[in-house]
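# Summary of structural features
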Amino acid sequence: MSHTLNIYEPLSIEAIRAEFPILQTLVYGNPLVYLDNAATTQKPLSVLEAMDVYYKTINANVHRGVHHLSQVATDAFEEARRKVASYINAAHDHEIIFTRGTTEGINLVASVFGRANLKAGDEVLITAMEHHSNIVPWQLACEYYGAKLKVIPFSERGELDMDAFAALIKGPVKILSFTYVSNSLGTINPVNEMIHAAHERGIVVLLDAAQAVQHIPIDVQELDVDFLVFSSHKIYGPTGLGVLYGKEALLNKLPPYQGGGEMIRTVSFEKTTYNDLPFKFEAGTPDIAGAIGLGAALDYVNSIGIDRIKLAEEALMEYAQEMMSGVPGIRFVGEAANKAGVISFLLGNHHPFDVGEILDKQGIAVRTGHHCCQPVMDRLGIPGTVRASFSVYNTPEDVDRLVKGLEKTAKMLG
Ligand SMILES: Cc1ncc(COP(=O)(O)O)c(C=O)c1O
């Protein structure tokens, strides 16, 4: 498995791991094996330091003050926006809206796109493998405006039924909202094909990149996607912050989401006018330290290179899949041809919680349950899965510990 490590040359995996102090933690006396990266990634020192420096040396509110600190804080905040724009290759910095996370980004679009465009008889198209945060906001919007939610099914292997998609996209669909990578199955969906098919019919597309942005290079102009959302905490940045990218022309046409400071140009009791992008969608004091932290996280990813991270993770996933196949009673859930980041599985007929608990006692952190994808579990007729998810600092030794842990678990549970 040494080829995985070479991908990072001249960096070593040890140097990468040294950036993440939490990886030194002992759990029940065992060195931590952190394989819950799809839930949230750990943070490198550079991110922690950037946020610390902000609070220690330049803390002030942004866009509001003429004083020195406010200007320095504003510059740092706007620099973070530029880093995000550059990371996903947005055409303009003002197409980047800071949100609280993927969930808020989808709620924002469902709310304002719904208000501007949805009416009785319209359809919203999603897939059956969405995270709850890409289901419920659309259910709320559909309920409110009398539109219908349509769902693209997926196969037993965890691949979207593209014939069903081709039929459903011909309906009165106003927006297609779907995940780039499934957080419960690991499937990488055929985004180019789907965006192209939607655009041929004038349908707007929102892409949930919460599980993609940390594994796959993303170029929003090449994808030609209309909206894209992700969370900072899944790409080595802090919690509480996310990104909504939207094409300028579309964002300009939409009404504001929340009202408050910053999003206005003028306020009177008779009539309020709204600010330009991106501020129109950023009511109130933003998470300034969070944005600076995300900027540092993207610098960190760029310092290694997302292409190299992708290659290393692919090799590690392949190794994991191979090694885990030898564990008695293992059954993989989600065997799509194209996968990223996530291996979901079951061990015999044992409940995922029991497996997760025994792994935890050995210092191995995995996630168990429905992963906020109850319809995925219903479709597959299972209560949930055990999910191992990978990131830049995981090693073949982590996989070996997982495999040993699973063998022990299988024996203990009988
Ligand atoms: C595919 C997907 N979409 C949306 C979300 C929600 O992200 P957040 O809780 O950061 O808003 C997640 C989180 O696991 C996810 O995996």
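Here is what the cut-offs are and how they apply
- Residues numbered from 1 in each chain as written.
- Predicted model: local features only at pLDDT ≥ 70, side-chain atom pairs only at ≥ 80, totals over all residues.
- Heavy atoms only, no water.
- Phe/Tyr/Trp six-rings, centres within 6.5 Å; stacked < 30°, edge-to-face > 60°.
- Lys NZ or Arg CZ within 6 Å of the ring centre and 35° of its normal.
- Domains from an automatic or database assignment.
- Contact = heavy atoms within 4.5 Å.
- Buried area = accessible area lost by both parts, 1.4 Å probe.
- Salt bridge = Lys/Arg side-chain N within 4 Å of Asp/Glu carboxyl O.
- Helix = DSSP H or I, 4+ residues; strand = E, 2+ residues; numbered from the N terminus.
- Pairing = 2+ DSSP bridges.
- Axes fitted to C-alpha atoms, helices over the stretch in contact; angles between N-to-C directions.
- Buried < 20%, exposed > 50% of the residue type's maximum accessible area, 1.4 Å probe, protein only.

## Considerations on the packing of aromatic side chains
Applying the stated criterion across every chain, the model contains 8 aromatic pairs. Above the ring of Phe 154, the side-chain terminus of Arg 379 is found at 5.5 Å from the ring centroid.

## Section: the domain arrangement of the chain
Domain annotation for the chain reports domain 1 (13-44 + 305-413) and domain 2 (48-302). For domain 1 versus domain 2, the separation of C-alpha centres amounts to 28 Å. At the junction of the two partners, domain 1 supplies 42 residues and domain 2 supplies 37 residues. Between domain 1 and domain 2 the total buried area reaches about 3,200 Å² when both faces are included, carbon and sulfur atoms providing 56% of it. The interface formed by domain 1 and domain 2 includes 1 salt bridge. For the salt bridge of Glu 156 with Arg 379, the shortest nitrogen-to-oxygen distance reads 3.2 Å. Of all the secondary structure elements, the ones that give two or more residues to the side of domain 1 that touches domain 2 are α12 (306-325), β14 (342-347) and α14 (374-380). Looking at the side of domain 1 that touches domain 2, the element that brings in the most residues is α14, giving 6 residues.

## Details of unusual backbone geometry
Looking along the chain, the bond that leaves Leu 277 and enters Pro 278 is cis, with omega of 0°. Of note in this structure, His 371 is not a glycine but carries a positive phi near 55°.

## Observations concerning the sheet that holds strand β4 (residues 96-99)
Ordered by their spatial adjacency, 7 strands build an open sheet running β4-β10-β9-β8-β7-β5-β6, and the pairing between neighbours is mixed. Lying at the two open borders of the sheet, with one neighbouring strand each, are β4 and β6 (148-152). Ignoring strand direction, the axes of neighbouring strands in this sheet form an average angle of 20°. With 4 bridges connecting them, β4 and strand β10 (residues 242-246) associate as antiparallel partners. Opposite Phe 98, over in β10, you have Val 243 as the bridge partner. Seen against the sheet, helix α6 (residues 136-145) touches β5 (123-127), β6, β7 (173-179) and β8 (204-208) and runs at an angle of roughly 145° to β6. Running at roughly 155° to β8, helix α8 (residues 191-200) makes contact with β6, β7 and β8 of the sheet.

## As for the pattern of salt bridges
In total, this model carries 18 salt bridges according to the counting rule given. Put simply, Lys 56 and Asp 52 hold a salt bridge, and the shortest N to O gap is 2.8 Å. Here Lys 56 and its partner Asp 52 are both found in helix α3 (residues 45-58), 4 residues apart, which amounts to about one turn of the helix. By relative accessible area, which is 35% here, Asp 52 ends up partly exposed. Measuring nitrogen to oxygen at the nearest pair gives 3.8 Å for the salt bridge that ties Lys 150 to Glu 123. You can see Lys 150 sitting in strand β6 and its partner Glu 123 sitting in strand β5, a full 27 residues away along the chain. What makes Glu 123 buried here is its relative accessible area of 10%. In this structure, a network of salt bridges that share partners links the residues Asp 36, Arg 367 and Arg 387.

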